[in-house]
Amino acid sequence: MCLKNNILHSLLAIAIFYVPASASTIDKASDDMWAEIDNAIAGQNWNTADSLISCVINSQPDDATNVMLLSNLGMIRHYAGNDSLALATLSLAHKAAPASVTILANRATVLTAMGRVTDAITDYDTIQQLDSTYSDTYLYRGLLQLYSGNFEEAFADLQQREKLSPRNEDTLIALASYYTITEDNENAITYYTSLIRANPQAEYFAGRALCALRLDRLVDASEDIADGLDLDPDYSELYLCRAILNKKRYCNDDAQSDADRAISLGASPARVHALLGL
């Protein structure tokens, strides 16, 4: 589906839950040290940030703020590609503060990146028990359920997310993705339309075009493809959609040309061939 890879990428790219140091912590670490930490995080110099935060933690082993520093450190290690170490760090933080929603959300992110979907869902379940209004729980758990094929559970979560954050772009993307994957094209179009009105993006036009193609609304699909290419002439999904459109119009040479273009821009050859029946 058009948004599947983008949704998953978004799911695995949750921002660091960086918690500024308290005044008591700053008293025990120099202003220069905190400036270095801030600069390292801003510059995505994860190894430097790791070393500096570890130094702060080791210099104040009994400080109550260390638990949130551990949470930040876990995410820094995740972004550095050290997921096993990140998980161990976040589990240590969770043991020290088992009611912290932030720590659990961070750990769920790392577990997702490691492919441990069941464990990530368990952490989201715990978050829901701790704070049923924490809307990201329903978004990310819903997406995990969706890509696991658990459509009823996914829909329940995404509906709850919509109740809590109805205008949020991630909410609209998730529901557009859900309806696209479950081939409820009319409902998917409604959400893509909301996304396009709020923030026109090539991927949203591609998503809506694919739904229009499934409904044989070829003129609508053609217009969306053209509008999307105006925004991003190198977006592979739009060429895939145009290949499908051209095949439906019996322009087989043009369909093959667009299919080749989609693959050259990064589309999966197997997916292209499956959708086009090549």
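The rules behind each value
Residues numbered from 1 in each chain as written. Predicted model: local features only at pLDDT ≥ 70, side-chain atom pairs only at ≥ 80, totals over all residues. Heavy atoms only, no water. Salt bridge = Lys/Arg side-chain N within 4 Å of Asp/Glu carboxyl O. Helix = DSSP H or I, 4+ residues; strand = E, 2+ residues; numbered from the N terminus. Buried < 20%, exposed > 50% of the residue type's maximum accessible area, 1.4 Å probe, protein only. Contact = heavy atoms within 4.5 Å. Phe/Tyr/Trp six-rings, centres within 6.5 Å; stacked < 30°, edge-to-face > 60°. Lys NZ or Arg CZ within 6 Å of the ring centre and 35° of its normal.

**Digging into the pattern of salt bridges**
For side chains bearing opposite charge, pairing can occur when the charged atoms are close. The full count for this structure, using the stated rule, is twelve salt bridges. For R208, the salt bridge identified is with D224, shortest N-O distance 2.7 Å. Here D224 lies in helix α14 (residues 218–231) and R208 lies in helix α13 (residues 202–214), a separation of 16 residues in the sequence. Here R208 falls in the buried class, since its relative accessible area comes to 18%. Classification of D224 by relative accessible area gives buried; the value is 5%. One connected set of salt bridges, linked through shared partners, spans D125, R141 and D157.

**Some points on unusual backbone geometry**
Unusually for a residue other than glycine, E183 sits at a positive phi of about 60 degrees. Here Y250, not a glycine, exhibits a phi torsion of approximately 65 degrees, which is positive. With respect to the helices and strands, the residue Y250 is situated in the loop between α15 (236–248) and α16 (252–264).

**Here we look at the environment of L218**
Position of L218 among the secondary structure elements: in helix α14. Sequence-wise, L218 and L245 are 27 residues apart; in three dimensions their C-alpha atoms are separated by 6.8 Å. The contact partners of L218, leaving out residues within four places of it in the chain, are L213, L245, K248 and R249.

**What about the environment of Q256?**
Following the sequence through the fold, Q256 ends up in helix α16. Sequence separation of Q256 and H273 is 17 residues, and the distance between their C-alpha atoms is 10.0 Å.

**Quick look at the packing of aromatic side chains**
Tallied over the full model, the rule gives six aromatic pairs. Plain terms: the ring middles of Y124 and Y140 are 6.5 Å apart, the flat faces sit at 25 degrees to each other, and that makes the pair stacked. Taken as a pair, Y124 in helix α8 (residues 117–130) and Y140 in helix α9 (residues 135–147) lie far apart in primary sequence, 16 residues in all. The two residues Y124 and Y140 agree in class, both being buried. Both rings, one in F155 and one in Y178, keep their centres 5.2 Å apart while their planes meet at 20 degrees; by these two values the pair is stacked. One end of the pair, F155, is in helix α10 (residues 151–164); the other, Y178, is in helix α11 (residues 169–181), and 23 residues separate them in sequence. Ring-pair connections join several aromatic residues into one group, and the members of that group are F155, Y178, Y179 and Y191. The ring of Y239 has R261 sitting right over it, with the charged end atom 5.3 Å from the ring centre.

These results come straight from atomic positions and should not be treated as a statement about function.
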